[in-house]
Amino acid sequence: MGALLALGLPSTGLSLEPVAYCVTVAIAVVLVAAAYGHRIIKGELADPKLVFSLGTIGQIILTCAIVGPLSYVAGKLNWPLQDQALLAIDRALGLDPEPIARYVNDHPWLAMSLAHAYGLIKLPLLGIPVVLALTARYVRLQLFMLAMSLALAVTITISAVVPAIGTYYALNLPAAHFPEINTAVYAGQLRDILALRDGSLHELRLFFLSGIVSFPSFHAASAVLYMWALWPVRGIGGIAAALNLMMIAATPVIGAHYIIDVAAGIALAAASIWAVKFCLDWSRAPRGSVAPASSTGLASLVQEN
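The rules behind each value
- Residues numbered from 1 in each chain as written.
- Predicted model: local features only at pLDDT ≥ 70, side-chain atom pairs only at ≥ 80, totals over all residues.
- Heavy atoms only, no water.
- Salt bridge = Lys/Arg side-chain N within 4 Å of Asp/Glu carboxyl O.
- Buried < 20%, exposed > 50% of the residue type's maximum accessible area, 1.4 Å probe, protein only.
- Patch = residues over 30% accessible without salt bridge, like charges linked within 9 Å, V, L, I, M, F, W, Y side chains within 5 Å.
- Areas by Shrake-Rupley, 256 points an atom, 1.4 Å probe, with all protein chains shown as cover.
- Helix = DSSP H or I, 4+ residues; strand = E, 2+ residues; numbered from the N terminus.
- 1 Å grid on protein atoms, 1.4 Å probe; cavity = no way out; pocket = protein on both sides within 12 Å on 5 of 7 lines; lining within 4 Å.
- Points joined across faces, edges and corners; volume = space filled by probe spheres on them.
- Nonpolar A, V, L, I, M, F, W, Y, C, P; charged D, E, K, R; others polar.
- Core = buried A, V, L, I, M, F, W, Y, C linked by side-chain atoms within 4.5 Å.
- Contact = heavy atoms within 4.5 Å.
- Disulfide = S-S within 2.5 Å.
- Phe/Tyr/Trp six-rings, centres within 6.5 Å; stacked < 30°, edge-to-face > 60°.
- Lys NZ or Arg CZ within 6 Å of the ring centre and 35° of its normal.

Caption draft 1: Region of the structure containing the pattern of salt bridges. Summed over the entire model, instances satisfying the criterion amount to four salt bridges. A salt bridge links Asp96 to Arg91; the shortest N-O distance between them is 2.9 Å. Residue Asp96 is classed as partly exposed on the basis of its relative accessible area of 23%. Exposure remark for Arg91: the relative accessible area of 42% places this residue in the partly exposed category. Between Asp192 and Arg191 there is a salt bridge, with its nearest N and O atoms 2.9 Å apart.

Spelled out as structure tokens, the structure:
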């Protein structure tokens, strides 16, 4: 993904604001270097909790620094917007987004709760490495990191050929139509996608990038990944499941995602978890034998290796 970003920026006429990006990458490199340095210096006496927590946090920071701008490179390909097609799928499923948003708007307490729930995507990114490292679930932590990276790569690839702005755009409704709903995410997505398409956006400022991916929803995918990662941790797994289910419920309300986006995100996360567990089984299998399928359904995805 880093190579694609390096090649994609000049070919699309986009550039990165250097200071914020270099500082972010430097922090990631320092964390990863500290983890590997500790392992090399201490040898078998190295503390695995330190190695895995610092190393994975560094990987997460670096991954986010890559995929954020890469989503803009994908958006710059300017494939036809698919909002009307996605809206038609939602309506065919009997889940029209307008009455759903109207119901939430008519219940301010629900709108506020879902707004907070939607913002939960950030904290687990740094919390999961710490929790899983402290509880010595090192294999699960590595599987989580790989599954998240795989899901992000597939998400950006799909978003390049199925670009969309969001439900309010398809419904031709201004964000102010639902004053009780926090539509800041949709507003940022609308602004940046249109700016990419008309050529007025050239410089990407890392800390000001909006999530411009609608289909599939990575909010929904990350919620499933977070639940799976933390499920075996006593006292935390249940709480994490409840909070992330709320994040899934909030995703189609804020205006940037369709119901089908959420379904696709959940399916993508489940497939990514299955894929990395299969790779683990394959790597552990004796050479010359065929690794068994590591899971048969969503229930088995929450089991510890």
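Structure shown, so let's carry the discussion forward.
Caption draft 2: Focus on a nonpolar patch on the surface. A contiguous nonpolar patch, built from Val19, Val23 and Ile27 and spanning about 260 Å² of accessible area, is present on the exposed surface. The topology assignment puts Val23 in helix α2 (residues 18–42).

Caption draft 3: How the structure looks around the layout of surface pockets. By volume, the largest pocket is sized at about 1,400 Å³. What lines the largest pocket is a set of 39 residues, and nearest its centre among them are Cys64, Ile121, Lys122, Leu209 and Gly211. If you list the elements that add at least two residues to the lining of the largest pocket, you get α2, α3 (48–75), α6 (108–118), α7 (123–134), α8 (138–161), α10 (184–198) and α11 (218–230). Counting residues per element, the lining of the largest pocket draws most heavily on α3, at eight residues. The class makeup of the residues in the lining of the largest pocket is 26 nonpolar, twelve polar and one charged.

Caption draft 4: Looking closely at the nonpolar core. The biggest cluster of nonpolar side chains holds 82 residues, and the ones touching the most others in it are Leu5, Ile128, Phe144, Met148, Ile181 and Leu225. When residues in this core are grouped by element, the largest group, eleven residues, is from α11. Beyond its immediate chain neighbours, meaning those up to four positions away, Ile181 contacts Ala101, Val104, Asn105, Ala111, Tyr168, Val253 and Ile254.

Caption draft 5: Spatial organisation of the state of the cysteines. Taken as a whole and assessed by the stated rule, the structure comprises zero disulfides. Left unpaired, Cys22 is separated from the closest cysteine sulfur, that of Cys64, by 17 Å.

Caption draft 6: Spatial organisation of unusual backbone geometry. Omega for the peptide link from Phe215 to Pro216 comes to -5 degrees, which places this bond in the cis form. Along the chain, Pro216 turns up in the loop between β2 (203–204) and α11. With a phi angle near 60 degrees, Asn78 is a residue other than glycine that sits in the positive phi range. Residue placement: Asn78 occurs in the loop between α3 and α4 (83–92). One non-glycine residue, Ala136, adopts positive backbone phi at about 60 degrees. Here Ala136 shows up in the loop between α7 and α8.

Caption draft 7: Fine view of empty space enclosed by the protein. The tally for this structure, following the rule as stated, stands at two cavities of 30 Å³ or more. By volume, the largest cavity is sized at about 120 Å³. As for the largest cavity, its lining consists of 14 residues, and the residues nearest its centre are Gly75, Ser159, Pro163, Ile193 and Ile212. Put simply, the parts of the chain that give the lining of the largest cavity at least two residues each are α3 and α10. When grouped by side-chain class, the residues that make up the lining of the largest cavity number nine nonpolar, four polar and one charged. Taken as a whole, the second largest cavity encloses approximately 30 Å³ of empty space. Forming the boundary of the second largest cavity are Val104, Ala111, Leu114, Ala115, Ile181, Ala250, Val253 and Ile254. The element that contributes the greatest number of residues to the lining of the second largest cavity is α6, accounting for three residues. Residues belonging to the lining of the second largest cavity are distributed by class as follows: eight nonpolar, no polar and no charged.

Caption draft 8: Here's a closer look at the packing of aromatic side chains. Evaluation of the coordinates by the stated rule reveals five aromatic pairs. Measuring from centroid to centroid gives 6.3 Å for Phe144 and Tyr226, while their planes differ by 50 degrees, and the two rings are tilted. Pair noted here: Phe144 is in helix α8 and Tyr226 is in helix α11, with a separation of 82 residues, a long-range link. A relative accessible area of 0% means that Phe144 is categorised as buried. Taken together, a centroid distance of 5.3 Å and an interplanar angle of 20 degrees make the contact between Trp274 and Phe278 stacked. Here Trp274 pairs with Phe278, and both are found in helix α13 (residues 259–284), just four residues apart, close to one helical turn. Among the residues examined, Trp274 registers a relative accessible area of 35% and is labelled partly exposed. Here the aromatic cluster, defined as three or more aromatic residues joined through ring pairs, consists of Tyr168, Phe178 and Tyr186. Positioned above the aromatic ring of Trp228, the side-chain terminus of Arg140 is 4.2 Å from the ring centre.

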